[in-house]
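Structure assessment
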Amino acid sequence: MVDVTIDLDSWRNLPAAQQPDWPDVDELARVVAELETLPPLVFAGECDQLKQRLGAVARGEAFLLQGGDCAETFAANSADNLRNKLKTLLQMAVVLTYAASIPVVKVGRIAGQYAKPRSKPVEVRDGVELPVYRGDAVNGLEFTPEARVPDPKRLLKVYHASAATLNLARAFTTGGYADLRQVHAWNQDFVKESPAGERYERLAGEIDRALAFMRACGADPEEFHTVEFYSSHEALILEYERALTRIDSRTGLPYDTSAHMVWVGERTRDLNGAHIEFVSKIRNPIGVKLGPKTSPEHALALIDKLDPEREPGRLTFITRMGADKIRDVLPALVEKVTASGAQVCWVCDPMHGNTYEAPSGHKTRRFDDVLDEVKGFFEVHRELGTHPGGIHIELTGDDVTECVGGGFDLVEDDLHTRYESACDPRLNRSQSLDLAFLVAEMYRETA
């Protein structure tokens, strides 16, 4: 039975930030109408299952690992790229699961992360001004007038690319590729190769002995061979998200079937804006990015708007403060939210607050800054007696050179070697695994 009291279009009456200036609104209407007829990319029951898993995170019984590309591109939507990303996330998850001795909820920034908010509407090169690149969902990366025109037909490409990605991800995670012993063997290879391998050798050895013990006991549970893996992206282009919103036949409630979880970014979390209004009406797990200027009062108002029933797993606060601010800003937020009785998931995004421009002109991040923000996140929660619920990372499974530092000590002069991101710099495979082992150490100190 459909709940007729839910107005899924109420957001249309509110200001909507970061939306493309579509030149052909009739074409947009045709695309939206077609999207509305297409099958859901995910199912309501899967979204509810993720909400249950995130409820465990909110209660301190699990840890969230959320990671993937800054911005997906159609050109990079290949089996090899997806396999490498999944491999990296699974490797990180094994290390974190063992170190924390609690389940790790695995959520990818995949199958829909094709649009990006931008700080300026235009880009200028050599005196030429064009609309800014807003992700493959909207326009092209090439700096030409033709490529930079927002094209609604790209939203259909997003849908089909996302469907292909989800199909492949399901095959990888249930077809043997995610087998625990295989993933651990990959980690052993990484430890041998890494300049920081000696530091990680002890933990890798502990995992190896634990697996050998279970093998000797004849233990071979199904959970060793498959993993639960969920999709997420920023709910930015509202016409796309609304077109993929479906009414669940079981409950009569609306779900955004473009992903299991969607989040609202720092630039679009206006309490009186269209994005918060839209996500308040859907039943998916919802994330909200919180920057360093977020007040406790604003956080509490977001809870009242998005999680009025105080449902564990419904709302995740993804903090993106910057390494130099997190220890000062985060405590008041956590204290006030905890005192209110709300059970939200606290997750650290150590990427977005630590971006700077190298002399070469490349946007980059220092691995040490990323690590320090995670350290600050753990320190605050340890001091307050609350649960550091997870990390949200922009990463790739490839050996790119986009962030400086890490075990192989990339420097700014290396950035040009293999800088492939369409938008923000990502941790490469080695840096991601370095981070997982270091976070594992932090978690053990916190426990």
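Please read these numbers as outputs of a predicted model, since none were measured by experiment.

Next up on the list: helix α6 (residues 197-216). With 20 residues, α6 ought to run about 28 Å at 1.5 Å a step, and its terminal C-alpha atoms sit 27 Å apart, in line with that. In the structure, α6 departs most strongly from a straight axis at Leu-203, where the bend amounts to approximately 25°. Among all positions of α6, only Gly-197, Tyr-200, Leu-203, Ala-204, Gly-205, Glu-206, Ile-207 and Leu-211 are buried. Next to the buried residues of α6 lie α3 (79-100), α5 (180-193) and α12 (429-446). One or two residues past the end of α6 sits Gly-218, with phi positive at roughly 80°.

On to the side chain of His-387, then. As for its position among the elements, His-387 is in the loop between α11 (367-384) and β14 (390-394). A distance of 2.8 Å separates the side chain of His-387 from the backbone oxygen of Ala-62, its partner in a polar contact. Apart from the residues lying within four places of it in its own chain, the contact partners of His-387 are Val-57, Gly-60, Ala-62, Ile-102, Trp-346, His-381 and Tyr-443.

Turning our eyes to something else, we now look at the sheet that holds strand β1 (residues 63-68). Here eight strands make up a closed barrel; going around it, the order is β1-β2-β5-β8-β9-β10-β11-β14 and the pairing parallel. Sheet twist, expressed as the average angle between the axes of neighbouring strands with direction ignored, equals 25°. Two strands pair when backbone bridges link them, and strand β10 (residues 315-319) and strand β11 (residues 345-348) are joined in this way by four bridges, in the parallel orientation. Its bridge partner lying in β11, Phe-317 is registered against Trp-346. Contacts from helix α9 (residues 296-306) reach β9 (286-290) and β10, with the element oriented near 150° to β10.

What follows covers the packing of aromatic side chains. By the definition in use, this model includes 10 aromatic pairs. Ring plane angle 55° and centroid distance 5.5 Å describe the contact between Phe-317 and Trp-346, whose orientation is recorded as tilted. One end of the pair, Phe-317, is in strand β10; the other, Trp-346, is in strand β11, with 29 residues separating them in the sequence. Accessibility assignment for this pair places Phe-317 and Trp-346 in one class, buried. Plain terms: the ring middles of Phe-378 and Tyr-443 are 6.0 Å apart, the flat faces sit at 75° to each other, and that makes the pair edge-to-face. Placement of the pair is Phe-378 in helix α11 and Tyr-443 in helix α12, with a sequence separation of 65 residues. In this pair, the class of Phe-378 matches that of Tyr-443, namely buried. Each member of the aromatic cluster is reached from another via a ring pair, and the members are Phe-63, Phe-377, Phe-378 and Tyr-443. Sitting above the plane of the Trp-186 ring, Lys-87 keeps its charged end 4.8 Å from the centroid.

Moving on to the pattern of salt bridges. Between side chains of opposite charge, a pair can form as their charged atoms come close. Considering all chains together, one arrives at 37 salt bridges under this definition. Of the charged contacts, one joins Arg-83 and Asp-80 as a salt bridge, the two residues approaching to 2.7 Å between their closest N and O atoms. Of this pair, Arg-83 and Asp-80 both sit in helix α3, separated by three residues, roughly a single helical turn. Its relative accessible area of 26% is what places Arg-83 among the partly exposed residues. What you see here is one network of salt bridges that share partners, running through Arg-109, Lys-116, Lys-363, Arg-365, Glu-394 and Asp-424.

Judged by nonpolar contacts, the single largest core of 113 residues is most densely connected at Phe-317, Trp-346 and Leu-435. Broken down by element, this core gets its largest block of residues, 11 residues, from α3. Look past the residues within four positions of Leu-435 in its chain and what remains in contact with it is Phe-367, Val-370, Leu-371, Val-374, Ile-391, Ile-393 and Leu-427. Core analysis: the second largest hydrophobic core is formed by 15 residues, Leu-54, Tyr-230, Met-261 and Cys-345 among them.

Both strand β3 (residues 122-125) and strand β4 (residues 128-131) contribute to a ladder of four bridges, which runs antiparallel. Bridged to Val-124 within β4 is Glu-129. Hairpin connection from β3 to β4: two residues lie between these consecutive antiparallel strands, with Asp-126 at a positive phi of about 50°.

Bringing unusual backbone geometry into the picture now. Even without glycine at this site, Asp-126 takes up a positive phi of about 50°. Mapped onto the elements, Asp-126 comes out in the loop between β3 and β4. Within the chain, Asp-409 stands out as a residue other than glycine whose phi angle is a positive 50°. Along the chain, Asp-409 falls in the loop between β14 and α12. The exposed category is assigned to Asp-409, whose relative accessible area is 52%.

Time to look at the environment of Trp-346. Trp-346 gets classed as buried once you look at its relative accessible area, which sits at 5%. Placed 288 residues apart in sequence, Trp-346 and Ala-58 show a C-alpha to C-alpha distance of 7.4 Å.

Calculation criteria
Residues numbered from 1 in each chain as written. Predicted model: local features only at pLDDT ≥ 70, side-chain atom pairs only at ≥ 80, totals over all residues. Heavy atoms only, no water. Helix = DSSP H or I, 4+ residues; strand = E, 2+ residues; numbered from the N terminus. Expected span 1.5 Å × (residues − 1). Bend = angle between axes of the 7 residues up to and from the residue. Buried < 20%, exposed > 50% of the residue type's maximum accessible area, 1.4 Å probe, protein only. Contact = heavy atoms within 4.5 Å. Polar contact = N/O pair within 3.5 Å; in protein donor to acceptor, adjacent residues only side chain to side chain. Pairing = 2+ DSSP bridges. Axes fitted to C-alpha atoms, helices over the stretch in contact; angles between N-to-C directions. Phe/Tyr/Trp six-rings, centres within 6.5 Å; stacked < 30°, edge-to-face > 60°. Lys NZ or Arg CZ within 6 Å of the ring centre and 35° of its normal. Salt bridge = Lys/Arg side-chain N within 4 Å of Asp/Glu carboxyl O. Core = buried A, V, L, I, M, F, W, Y, C linked by side-chain atoms within 4.5 Å.

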